Amino acid sequence: MPAIPEEAQAEALRAVAEVSLRRAETITELDRELRAAALAAVRTGANRSRIRALAGISPKTLYAWLAEEGIEVRAKAPARKKEEE
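> Describe helix α1 (residues 5-43), listing the residues and the values that go with them.
With 39 residues, α1 should cover 57 Å at 1.5 Å per step; its first-to-last C-alpha distance of 57 Å lies within 8% of that length. Burial in α1 covers these residues: Ala38, Leu39 and Val42. Where α1 is buried, its residues touch α2 (48-55) and α3 (59-69).

Structure follows, in structure tokens:
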């Protein structure tokens, strides 16, 4: 164990950086797997809302994945105006 506080801090920060890099790599890999699984589910005809809920992703993310794969995405409905009383 380093006797100088700066050395201890540097060692601790290197450990943080290494774990952070591994975390980023893991997240990237899991995102690829999730995307593939979600697209496969869509191709089977599974409900897209259910896919999003199980995957924990936003509609924007799912529909971006679908568009990138050339899978049809329904056009967004125009916003409704509130009725005046």
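Having put the structure on the table, let's press on.
> How would you explain the environment of Arg43 if you had to name every residue and give the values?
Among the secondary structure elements, Arg43 is positioned in helix α1. Of the residues examined, Arg43 reaches a relative accessible area of 53% and is grouped as exposed. For the pair Arg43 and Ala79, spaced 36 residues apart in the sequence, the C-alpha separation amounts to 29 Å. Apart from residues no more than four positions distant in its own chain, Arg43 is found in contact with Glu69 and Ile71.

> Lay out the nonpolar core with the relevant residues and their values.
When a protein is soluble and globular, its nonpolar side chains tend to lie buried together. Counting residues in hydrophobic clusters, the biggest one holds 9 residues: Ala38, Leu39, Val42, Ile51, Ile57, Leu62, Trp65, Leu66 and Ile71. Counting only elements with at least two residues in this core, the list comes to α1 and α3. Contact partners of Ile51, with chain neighbours within four places excluded, come to Ala38, Ala41, Val42 and Ala46.

> Give a description of the packing of α1 against α2 that names residues and reports values.
Close contact between α1 and α2 brings their axes to 10 Å; oriented N to C, the two are set at 160 degrees. By the angle between their directions, the pair α1 and α2 is classed as roughly antiparallel. By crossing handedness, the relation of α1 to α2 is classed as right-handed. Seen from α1, the contacting residues are Leu34, Ala38, Ala41 and Val42; seen from α2, they are Arg48, Ile51 and Ala55. For the contact of α1 with α2, the class distribution of residues is 6 nonpolar, no polar and 1 charged.

Cut-offs applied
Residues numbered from 1 in each chain as written. Predicted model: local features only at pLDDT ≥ 70, side-chain atom pairs only at ≥ 80, totals over all residues. Heavy atoms only, no water. Helix = DSSP H or I, 4+ residues; strand = E, 2+ residues; numbered from the N terminus. Expected span 1.5 Å × (residues − 1). Buried < 20%, exposed > 50% of the residue type's maximum accessible area, 1.4 Å probe, protein only. Contact = heavy atoms within 4.5 Å. Core = buried A, V, L, I, M, F, W, Y, C linked by side-chain atoms within 4.5 Å. Axes fitted to C-alpha atoms, helices over the stretch in contact; angles between N-to-C directions. Parallel < 35°, antiparallel > 145°, perpendicular 65-115°, else oblique. Left-handed = near helix turned anticlockwise from the far one by under 90°. Nonpolar A, V, L, I, M, F, W, Y, C, P; charged D, E, K, R; others polar.

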